[in-house]
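# Structural features, examined
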Amino acid sequence: MKIACCAAGLAALMTLAAGAQSPAPTDQDREAIRQAAYDYAEGYYEGAAERMARAVHPALVKRGVVTRPGFGSLLVPMNAVTLVEATRNGGGKTTPPDTRGLFFALLDLRADVASARIFTVGFNDYLHLVKQDGAWRIAHVLWQPPSPTGAANADADTAAVTKAVTDLVAALSGSDAARIEPLVHPEAALRSLRPSPASGQTFITEGNRDSIMAAAAAKAVPPMIGAESRVLDVYDTIASAVTTTGATVYYWHLAKQKDQWRVVNLLRR
């Protein structure tokens, strides 16, 4: 598997063609995605570093929306190495197995990308997964601790997330940098899974808010013609959504901070 960084960032991500159609996902894909999510969650609770390492992509981008007294809502980062070592050092082993409350849901699945969630007693996580070299791994995580009011404003939050995604798609289509800026978190990971014409393998391109702002300012972001967006799931201050334009899929993770929903992760295929 390969990771590629490009100076143009999301500008290139948005302009590259989707590539050839891939085979439809199978029941084996669905089971492998479920297994990756359980290796991630159960691996942490069991302190099983080998399960965690198997579940996460080496280029994992994981952020948590957490509240710290005196600081408000923060976006806390973690990478694959830190997560595996935290698991190796004990993870959540103090939580008894019969109280972990694992709940998995596959939210959306395409040939080699997927959106899912894994909720437990200690953390609620939205996942973006990629299939490379025949293996499904977690590339993005957005999580928050369980909240007693997690579903209290579900309808209002779903409407607000729908508006945020719809507005961002319109802003991207119009190369409107001023409209894009408040809808994308300054630390957003904007990435694409791309096939290599030379090798046939897939690789991940990297982008960020600066790159898409620069592309918009240069009017270099093509219109997302026929875009259809829907919210996959919302929990308190985190959300998962999807946009499709023809054969291209955009998976979004959004976080709510200071009453503003913003994109934190994008996985495009």
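Analysis parameters
Residues numbered from 1 in each chain as written. Predicted model: local features only at pLDDT ≥ 70, side-chain atom pairs only at ≥ 80, totals over all residues. Heavy atoms only, no water. Helix = DSSP H or I, 4+ residues; strand = E, 2+ residues; numbered from the N terminus. Expected span 1.5 Å × (residues − 1). Buried < 20%, exposed > 50% of the residue type's maximum accessible area, 1.4 Å probe, protein only. pLDDT = per-residue confidence, 0-100. Contact = heavy atoms within 4.5 Å. Pairing = 2+ DSSP bridges. Axes fitted to C-alpha atoms, helices over the stretch in contact; angles between N-to-C directions. Polar contact = N/O pair within 3.5 Å; in protein donor to acceptor, adjacent residues only side chain to side chain. Salt bridge = Lys/Arg side-chain N within 4 Å of Asp/Glu carboxyl O.

With that settled, the discussion passes to helix H2 (residues 27-46). Because the α-helix completes a turn every 3.6 residues, residues three or four places apart line up on one side. Here H2 is 20 residues long and its end C-alpha atoms lie 27 Å apart, about the 28 Å a rise of 1.5 Å per residue gives. Among the residues of H2, those classed as buried are Asp29, Ile33, Ala36, Ala37, Tyr38, Asp39, Tyr40, Ala41, Gly43 and Tyr45.

Take the confidence of the model for the protein chain next. Per-residue confidence for the protein chain averages 91 on the pLDDT scale, and 92% of its residues sit at or above 70. Of the regions scoring below 50 in pLDDT, residues 1-12 engages in 35 contacts with residues more than four places distant in sequence or in other chains. Contacts from residues 15-20, a stretch scored under 50 in pLDDT, to residues over four places away or in other chains number ten contacts.

All right, on to the sheet that holds strand S3 (residues 72-78) then. Taken in spatial order, the six strands make up an open sheet running S3-S2-S7-S6-S5-S4, and their pairing is mixed. Sheet topology places S3 and strand S4 (103-109) at the edges, where each strand pairs with a single neighbour. Taken over all neighbouring pairs, the strand axes of this sheet differ in orientation by 20 degrees on average, direction set aside. In terms of strand pairing, strand S6 (residues 124-132) meets strand S7 (residues 135-144) through nine bridges, oriented antiparallel. Looking at S7, one finds that Asp125 is bridged to Trp143. The sheet strands contacting H2 are strand S2 (56-68), S4, strand S5 (113-119), S6 and S7, and the helix crosses S4 at an angle near 135 degrees. The strands touched by helix H4 (residues 80-88) are S2 and S3; relative to S2, the strand with the most contacts, the crossing angle is about 75 degrees.

Further remarks concern the side chain of Asp233. With respect to the helices and strands, the residue Asp233 is situated in strand S10 (residues 228-235). Judged by its relative accessible area of 16%, Asp233 is buried. At a separation of 2.6 Å, a polar atom in the side chain of Asp233 contacts the side chain of Arg117. Polar side-chain contacts of Asp233 include one of 2.5 Å to the side chain of Tyr126. Dropping the residues within four chain positions of it, Asp233 is found in contact with Leu107, Arg117, Phe119, Tyr126, Ala239 and Ser240.

Let us look at the pairing of strand S9 (residues 202-207). In terms of burial, S9 is a largely internal element, six of the six residues being buried. Neither face of S9 is open: one carries Thr202, Ile204 and Glu206, the other Phe203, Thr205 and Gly207, and all of them are buried. In the sheet, strand S8 (residues 184-195) pairs with S9 via six bridges, with the strands oriented antiparallel. Within S9, the position partnered with Leu190 by the bridge is Gly207. In sequence, S8 turns back onto S9 through a hairpin of six residues, with Gly200 there showing a positive phi of about 80 degrees.

One pass over the structure, following the stated rule, counts 14 salt bridges. When the shortest N-O distance is used, the salt bridge between Arg51 and Glu46 registers 3.1 Å. Accessibility expressed as a relative area gives 12% for Arg51, which makes it buried. Asp112 is the partner of Arg269 in a salt bridge, and the nearest nitrogen-oxygen pair spans 2.9 Å.

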